[in-house]
Amino acid sequence: MPRLRRPTPARSRTTSRRLDRERTSSAPDGSAVPADRPNGELPPPWGPCQPAPLLSSFMTALLERELRDLLAEQLDVLEPGLTLVRCEFALSDPPLRTRGWIDILARDRHGLWVIIELKRATSTSREALHEVAKYAELLQRDKQVAPDRIRALIVSTDWRELLVPVSNMARDWSHDLRGYELQVHDDGTLSAERVAMLPLSPEQYITPVHGIYLYASPQDRDRGWKHIRQIAAEIGAPNLLAADFERISAKDSVIAHYGLYLGVGTVEWGSTLSDSPEVDGYGAEHPAEHEALCEINARVRCIKVESAYPGVLGTLLGNSDWEITGYRGTGAFALGNGAYEERDWLQMLAGHDRGDGQFKYIGSANPRITSRWHSFVDQAMTSLGGNPEWEMLVRAWLERVAEQPGDIDVVLWIYNPCDLIQTVIYGWPDELTLWEPRIKAVARFPDGSRSVAEGRLCANSTGGAPGFHHYVHEVYRDLGSWMATRHGGTTWMTDLDLVRRLGLRYMMFEIISDRPGPPAPEDERGLWLVEDGQATRYSSHAPEFVMAWQLNTYGGKLVTLRDFLTTYRHEVNTLRIEYLGGADGRR
């Protein structure tokens, strides 16, 4: 893949001025230069692979403070309209015991204050980010300059050590930050060109485009993996992650005992695959990766090939007959990467790290780390798609948690299948806890207190006429009708209708405690409901809680999904037998 080159902007030069004044170690306004300013030492010797920049003989004779004074007279080489306020502009904050001197403070043509930090040596250029961040803060504290009226320019004759950190800071810093490469000519004139910051590095991740390959032996699987790598490299999809899995029991019931679960990583923009046609399903958002998988599936040699998606690996892990025995990766996901551990590989393939599992998500975050927090919330909402009640309740709970001060550890575990029929036919009665929709959320606060919330599908009664079987057949005429919605991806819509007809409701229950261990009677309880289209929280410390609890329970007792299905157990058993025979496996 060709190296990304930084575009070279056109050089801007202005009419030069000659240095016709006596060099001095004082600032233009006559104030003394602080003794602790950099002394302008020359860069270290250059290595054989890093040629030295072209330095004029005039420049090598200049100290940094002399170069500063020269630039102060020619600010228009940086931007038209810049006017000098002062060189060595002093700032301090006695309560914080800190002070500093801005190399050059200027005003731009819009009246904004511009911090100009000048560096001419590699050894001192590393200090630039520290200094501009410090001076921007001190300008606000010491001189009461509004933060939206502060900018910063880093000017250097050598950008080898600056380009990467300044690019990173320029993307995320709240102030406008720009860089200029400065050249000094023998006649004492300056020219500068604006530095093009590095673009954001494209994120490499495992997409929800997955495949399963079955082999007769471990040796066949090794050869198959080598072939898959070769195909992927040829078509421009070098980033792959795979898990080895083996059949450890009930071996006679399957045609092959060794498998490879493959996840296709993101394809670089500009490859031939990036122009792939649109497709439906999981490939809709990743057409290039979908085409790569199709090409691999068409050419790979194995006993059986199946397409998959992140939820399938979760089902595989839940089956005691299969066991994951190792991982393989290429490109960005090579196992020698060093940054990832085995749990990270599993999270990627299961879709838990990005919410790609659609109906299952496991993640943690701290609201004070805002960049991760926003992604965390978005990924949780992705897994709650198709369940508007839980989506509103979880979002409201997260917002309430994030309002509390300090560092907060928040953990979410979500299973949101949006398919009550699937829950019944695969989970009833012994494995219901594995298949029923459920949310577990914990927030631990700095003072030791915690909020523990649980989402459940519940009813406000134990059931009644006309019965479970009747309502199911109102929504799904037969097994074929249910299967059609599953293949068409619309089960969540019909499931909402079924849940409503049965009198079931998605709720959240919260306990806030200031001590470890099991809940105590005096701990605050919270009941979270969607009412009038918005999330509502009832606290046990408020009188409205009792009424809300009575309205959403049966005689004050919470009716869980198991309680509800137990009431209709004969009809549930009949439906389970009817549907299970024709279902398409545990998906």
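Residues numbered from 1 in each chain as written. Predicted model: local features only at pLDDT ≥ 70, side-chain atom pairs only at ≥ 80, totals over all residues. Heavy atoms only, no water.

## Notes on the sheet that holds strand β6 (residues 190–194)
So, point 1. Pairing in this open sheet of 6 strands is mixed, and the strands run β1-β2-β3-β4-β5-β6 from one edge to the other. Because the sheet does not close on itself, it has two edges, and the strands there are β1 (83–93) and β6. Shown here is a sheet whose adjacent strand axes are inclined to one another by a mean of 35°, direction ignored.
So, point 2. Pairing analysis gives 7 bridges linking strand β3 (residues 113–119) to strand β4 (residues 150–156), with the strands arranged parallel. Bridge pairing in β4 places Glu117 opposite Ile154.
So, point 3. Helix-sheet contacts for helix α4 (residues 128–143) involve β1, β2 (98–107), β3, β4 and β5 (176–184), and the interaxial angle to β1 is about 80°. (Pairing = 2+ DSSP bridges. Helix = DSSP H or I, 4+ residues; strand = E, 2+ residues; numbered from the N terminus. Axes fitted to C-alpha atoms, helices over the stretch in contact; angles between N-to-C directions. Contact = heavy atoms within 4.5 Å.)

## A short note on unusual backbone geometry
So, point 1. In this chain, Trp428 is followed by Pro429 through a cis amide linkage whose omega measures -10°.
So, point 2. Tracing the backbone shows Pro429 in the loop between α12 (420–427) and α13 (432–435).
So, point 3. Its identity is not glycine, yet Gln144 carries a phi of approximately 55°, on the positive side.
So, point 4. Mapped onto the elements, Gln144 comes out in the loop between α4 and β4.

## Concerning the side chain of Asp244
So, point 1. As for its placement among the helices and strands, Asp244 is situated in strand β8 (residues 240–247).
So, point 2. Look at Asp244 and you get buried, because its relative accessible area is 8%.
So, point 3. Among the polar contacts made by the side chain of Asp244, one reaches the side chain of Arg328 at a distance of 2.8 Å.
So, point 4. If sequence neighbours within four positions are ignored, Asp244 has contacts with Arg221, Gly259, Leu260, Glu323, Ile324, Thr325, Gly326 and Arg328. (Buried < 20%, exposed > 50% of the residue type's maximum accessible area, 1.4 Å probe, protein only. Polar contact = N/O pair within 3.5 Å; in protein donor to acceptor, adjacent residues only side chain to side chain.)

## Observations concerning the sheet that holds β8
So, point 1. The strand order across the open sheet formed by 5 strands is β10-β7-β9-β8-β11, and the pairing between neighbours is antiparallel. At either margin of the open sheet sits one strand with a lone partner, and together these are β10 (304–308) and β11 (322–330). For this sheet, the mean inter-axis angle between neighbouring strands, taken without regard to orientation, is 20°.
So, point 2. Bridge analysis of strand β7 (residues 206–215) against β10 gives 5 bridges, and the strand direction is antiparallel. Bridge assignment links His210 to a residue of β10, and that residue is Ala308.
So, point 3. Strands in contact with helix α7 (residues 287–299) are β7, β9 (258–265) and β10; relative to β7, the strand with the most contacts, it is inclined by about 10°.

## Structural notes on the pattern of salt bridges
In a structure, side chains of opposite charge can pair up when their charged atoms sit close to one another.
So, point 1. A full pass over the atoms with the stated rule returns 36 salt bridges.
So, point 2. The closest approach of N and O atoms between Glu454 and Arg456, which form a salt bridge, is 3.5 Å.
So, point 3. Between Arg501 and Asp497 there is a salt bridge whose closest N-O contact spans 3.1 Å. Highlighted residues: Arg501 and Asp497, both in helix α16 (residues 491–501), separated by 4 residues, approximately one helical turn.
So, point 4. A single salt-bridge network, built from bridges that share partners, covers Glu79, Asp108, Arg151, Asp176 and Arg178. (Salt bridge = Lys/Arg side-chain N within 4 Å of Asp/Glu carboxyl O.)

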